[in-house]
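Notes for the structure review
Read off the chains here:
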Amino acid sequence: QKEVEQNSGPLSVPEGAIASLNCTYSDRGSQSFFWYRQYSGKSPELIMSIYSNGDKEDGRFTAQLNKASQYVSLLIRDSQPSDSATYLCAVTSGSARQLTFGSGTQLTVLP
Amino acid sequence: DAGVIQSPRHEVTEMGQEVTLRCKPISGHDYLFWYRQTMMRGLELLIYFNNNVPIDDSGMPEDRFSAKMPNASFSTLKIQPSEPRDSAVYFCASILNWGPSGYTFGSGTRLTVV
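Along each chain, the written sequence defines residue order, and numbers are assigned to residues from 1. Labels are handed out in written order, letters beginning with A for the chains and numbers beginning with 1 for the ligands. The model is predicted, so local features are restricted to residues of pLDDT at least 70 and side-chain atom pairs to those at 80 or more, both for listing and for counting; the totals for chains, interfaces and linings are taken over all residues. The side-chain numbers reported here are obtained from all heavy atoms of the structure, hydrogens and water having been left aside.

Observations regarding the overall build of chain A
Put simply, DSSP H or I for four residues or longer makes a helix, DSSP E for two residues or longer makes a strand, and each gets a number counted from the N terminus. For chain A, the count of helices and strands is zero helices and eleven strands. Secondary structure elements in chain A, listed N-terminal to C-terminal, are β-β-β-β-β-β-β-β-β-β-β. Oriented by its inertia axes, the alpha-carbon framework of chain A measures out at about 40 × 30 × 20 Å. For the exposure calls, accessible area comes from a 1.4 Å probe over protein chains only, and a residue counts as buried if that area is under 20% of its type's maximum, exposed if over 50%, partly exposed in between. Residues classed as buried in chain A amount to 42% of the 111 residues present. Nonlocal contacts in chain A, meaning residues at least 24 apart in sequence, comprise 53% of its contacts between residues at least 6 apart. Counted charges follow a simple rule, with Lys and Arg positive, Asp and Glu negative, and His plus the chain ends left uncounted. Where a charge sits is defined by one atom per residue type, namely NZ (Lys), CZ (Arg), CG (Asp) or CD (Glu). Averaging the coordinates of the 9 positive side-chain charges in chain A and doing the same for the 10 negative ones gives two points 6 Å apart. Here, two residues are considered to be in contact whenever any of their heavy atoms come within 4.5 Å of each other.

Shown next, in the form of structure tokens:
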């Protein structure tokens with residue numbers, strides 16, 4: 001069983017819409033949760049981190065965490081064509097420092 | 001801050017040859033990670049170091065792979081002998097202990113073994 005699963009893509013949304021990206025994880029001991037954005041041919045870059053249940057907002061991005069359901073999501077409001085990328089969910093477990101990544105969801109924002 | 005620096009950016013080699021990938025972490029970062037990314041398997045952790053000491057190498061696929069960190073500013077990942085299935089993008093990342101900043105990734109090395 002894959003440890004971190006993301007909703008299958010690709011996902012297409014029109015410009016200005018809300019993009020919703022979902023991720024579930026299998027380890028209940030998971031402590032820290034991250035969303036990375038990766039443009040084609042580039043390295044992943046961190047866009048959000050979340051550690052506690054609830055919502056965390058940063059500009060147009062909102063991360064949501066529900067540890068009971070082992071679920072973390074990323075909402076992108078007012079989506080722009082420049083948001084078109086692959087979004088990777090990543091999780092750490094317990095005291096470990098290594099990140100386990102999901103397979104990613106490819107998002108395309110259509111102008 | 002120059003970020004995490006990897007070299008080379010691209011490497012094309014013939015099967016059976018030795019390949020060495022290099023990484024310079026951000027100064028002061030005490031954790032260094034090597035990941036491999038392929039379309040089929042996504043981002044996989046190969047090995048990570050804390051204060052230059054290997055902590056977990058369970059992701060290293062075979063004995064053909066080895067990694068070293070002789071000092072705080074340099075790490076290598078070596079594949080000997082290389083095989084076509086080793087073709088992937090190899091990323092190095094570093095962090096300072098732990099915190100909200102997460103990993104900083106290098107630009108990656110795209111390895112092609114023919």
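That covers the picture; the talk isn't over yet.
Some points on the overall build of chain B
Counting secondary structure elements, chain B contains zero helices and eleven strands. From first element to last, N terminus to C terminus, chain B shows the α and β order β-β-β-β-β-β-β-β-β-β-β. In summary, chain B has a C-alpha radius of gyration of 13 Å against a globular reference of 13 Å for 114 residues, a match within 12%. Based on the C-alpha atoms only, the size of chain B along its principal axes is roughly 40 × 25 × 25 Å. Going through the 114 residues of chain B one by one, you find that 48% of them count as buried. The Shrake-Rupley method, run with a 1.4 Å probe, gives the accessible areas here. Residue values count only the displayed protein chains as cover. When the accessible surface of chain B is totalled, it reaches about 5,700 Å², and 50% of it is carbon and sulfur. Of the side-chain charges in chain B, 10 are positive and 12 negative, and the distance between the mean point of each set is 4 Å. As defined in this context, the radius of gyration uses C-alpha atoms, and a globule is described by 2.2 Å times the residue total to the power 0.38.

Regarding the pattern of salt bridges
Just to be clear on terms, a salt bridge is a Lys or Arg side-chain nitrogen sitting within 4 Å of an Asp or Glu carboxyl oxygen. For the coordinates displayed, the defined rule picks out eleven salt bridges over all chains. Residue Asp 83 of chain A pairs with Arg 60 of chain A through a salt bridge whose shortest N-O separation is 2.9 Å. In this pair, Asp 83 of chain A is assigned in the loop between strand 8 (71-76) and strand 9 (85-93) and Arg 60 of chain A in the loop between strand 6 (54-58) and strand 7 (61-66), connecting sequence segments 23 residues apart. Residue Asp 83 of chain A is classed as buried on the basis of its relative accessible area of 2%. Within this structure, Glu 62, Arg 64, Glu 83, Arg 85 and Asp 86 of chain B form a network of salt bridges that share partners.

Examining the nonpolar core
Among the nonpolar cores identified, the biggest contains 23 residues, and Trp 35, Val 72, Leu 74, Ile 76 and Tyr 87 of chain A are the most heavily contacted of them. Taken together, the elements giving at least two residues each to this core come down to strand 3 (19-25), strand 4 (30-38), strand 5 (45-50), strand 7, strand 8, strand 9 and strand 11 (105-110) of chain A. Apart from residues no more than four positions distant in its own chain, Ile 76 of chain A is found in contact with Ala 17, Ile 18, Ala 19, Leu 21, Arg 60, Phe 61, Asp 83, Tyr 87 and Leu 107 of chain A. Nonpolar cores are built from buried Ala, Val, Leu, Ile, Met, Phe, Trp, Tyr and Cys residues. Side-chain atoms within 4.5 Å join them into one set. Counting residues in each nonpolar core, the second largest holds 21 residues, with Leu 21, Trp 34, Phe 65 and Leu 111 of chain B among its members.

What to know about the packing of aromatic side chains
To pair, rings of Phe, Tyr and Trp, with the six-membered ring standing in for Trp, must have centres within 6.5 Å; the planes then decide the type, stacked if under 30 degrees apart, edge-to-face if over 60, and tilted in the middle. In total, this model carries 15 aromatic pairs over all chains according to the counting rule given. The interplanar angle of 90° and the centroid separation of 6.1 Å between the aromatic rings of Phe 34 of chain A and Tyr 51 of chain A together place this pair among those described as edge-to-face. Of the two residues, Phe 34 of chain A sits in strand 4 while Tyr 51 of chain A sits in the loop between strand 5 and strand 6, which places them 17 residues apart along the sequence. Phe 34 of chain A gets classed as buried once you look at its relative accessible area, which sits at 1%. Residue Tyr 51 of chain A is classed as partly exposed on the basis of its relative accessible area, which comes to 26%. Where Tyr 31 of chain B meets Phe 33 of chain B, the ring centres are 6.2 Å apart and the plane angle is 15°; that geometry is what we call stacked. The two residues Tyr 31 of chain B and Phe 33 of chain B agree in class, both being buried. Joined through ring pairs, the aromatic side chains of Phe 34, Tyr 36, Tyr 51 and Phe 101 of chain A together with Tyr 31, Phe 33, Tyr 35, Tyr 48, Phe 91, Tyr 103 and Phe 105 of chain B make up one cluster. Geometrically, a charge over a ring is one whose NZ (Lys) or CZ (Arg) sits within 6 Å of the ring centre while staying within 35 degrees of the ring normal. The lysine or arginine in question, Arg 60 of chain A, covers the ring of Phe 61 of chain A, its NZ or CZ lying 5.6 Å from the ring centre.

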